[in-house]
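Survey of secondary and tertiary structure
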Amino acid sequence: MEEIRTKSKFNELIDSEEKSVIKFETDWCPDCRRLDMFIGDIMQEHNDKQWHQIDKDAFPELAEKYEVMGIPSLLVFKNGEKIGHLHSANAKTPESVREFLSSLK
């Protein structure tokens, strides 16, 4: 998963016509590491989406703007619009992540 290091790259990704899944995380988050243990298989199953991660602590203004209250959170964007948000409490199992991604139009 490619890391987003600039706000301009974030904006470029979310404005894409392709669905972009952005994982908001931090390096001190144990639940983020747990998600990392199974997200690779899910990324392969959903290879029609762009997958990226961003450090919530490095971009607090983006976290606030897109209502990221906990980490890890998976946000899905298309054409500049947030079309899905899997909050941290629901991103702890492969089943919940798969169900969330399958529910997206």
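My aim in this report is to walk through the structure given alongside it, one point at a time. (Residues numbered from 1 in each chain as written. Predicted model: local features only at pLDDT ≥ 70, side-chain atom pairs only at ≥ 80, totals over all residues. Heavy atoms only, no water.)

1. With respect to helix α2 (residues 30–45)
Between its terminal C-alpha atoms α2 stretches 24 Å, which fits the 22 Å expected from 16 residues at 1.5 Å a residue. Of all the bends in α2, the greatest, near 50°, is centred on Phe38. Asp31, Cys32, Leu35, Phe38, Ile39, Ile42 and Met43 are the residues of α2 that are buried. (Helix = DSSP H or I, 4+ residues; strand = E, 2+ residues; numbered from the N terminus. Expected span 1.5 Å × (residues − 1). Bend = angle between axes of the 7 residues up to and from the residue. Buried < 20%, exposed > 50% of the residue type's maximum accessible area, 1.4 Å probe, protein only.)

2. Some thoughts on the nonpolar core
Counting 17 residues, the largest nonpolar core has Phe10, Ile22, Phe24, Ile54, Leu62, Tyr66 and Phe77 as the members making the most contacts within it. Of all elements in the fold, only α1 (7–14), β2 (20–25), α3 (60–65) and β4 (73–78) reach the threshold of two or more residues within this core. Setting aside chain neighbours within four positions, we find Leu62 in contact with Lys7, Phe10, Phe24 and Ile54. Residues Phe38, Ala91, Phe100 and Leu104 belong to the second largest nonpolar core, which totals 15 residues. (Core = buried A, V, L, I, M, F, W, Y, C linked by side-chain atoms within 4.5 Å. Contact = heavy atoms within 4.5 Å.)

3. A closer look at the pattern of salt bridges
Between side chains of opposite charge, a pair can form when the charged atoms approach closely. Counted under the stated rule, the structure contains 11 salt bridges. Here Glu12 makes a salt bridge to Lys9, at a shortest N to O gap of 3.7 Å. Within this pair, Glu12 and its partner Lys9 are both found in helix α1, separated by three residues, close to a single helical turn. The exposure class of Lys9 is partly exposed, given its relative accessible area of 25%. Salt-bridge contacts for Glu25 lead to Lys23; the nearest nitrogen and oxygen are separated by 2.9 Å. The two residues Glu25 and Lys23 agree in class, both being buried. One connected set of salt bridges, linked through shared partners, spans Lys23, Glu25, Arg33 and Asp36. (Salt bridge = Lys/Arg side-chain N within 4 Å of Asp/Glu carboxyl O.)

4. Focus on helix α4 (residues 94–102)
Buried within α4 are the following residues: Val97, Phe100 and Leu101. Across the axial projection of α4, the buried residues extend over an arc of 95°, all falling on one side. Pointing more than 90 degrees away from the buried face of α4 are the exposed residues Glu95, Glu99 and Ser102. Of the surrounding secondary structure, the elements contacted by the buried residues of α4 are β2, α2, β3 (50–55), β4 and β5 (81–86). (Arc of directions from axis to C-beta.)

5. So, the environment of His85
In this fold, His85 is placed in strand β5. Separated by 26 residues in sequence, His85 and Phe59 have C-alpha atoms that sit 17 Å apart. Non-local contacts of His85, meaning those with residues more than four positions away in its chain, are made with Tyr66, Glu67, Val68, Ser73, Leu74, Leu75 and Phe100. Within the structure, the side chain of His85 is placed 3.0 Å from the side chain of Lys82, a separation counted as a polar contact. (Polar contact = N/O pair within 3.5 Å; in protein donor to acceptor, adjacent residues only side chain to side chain.)

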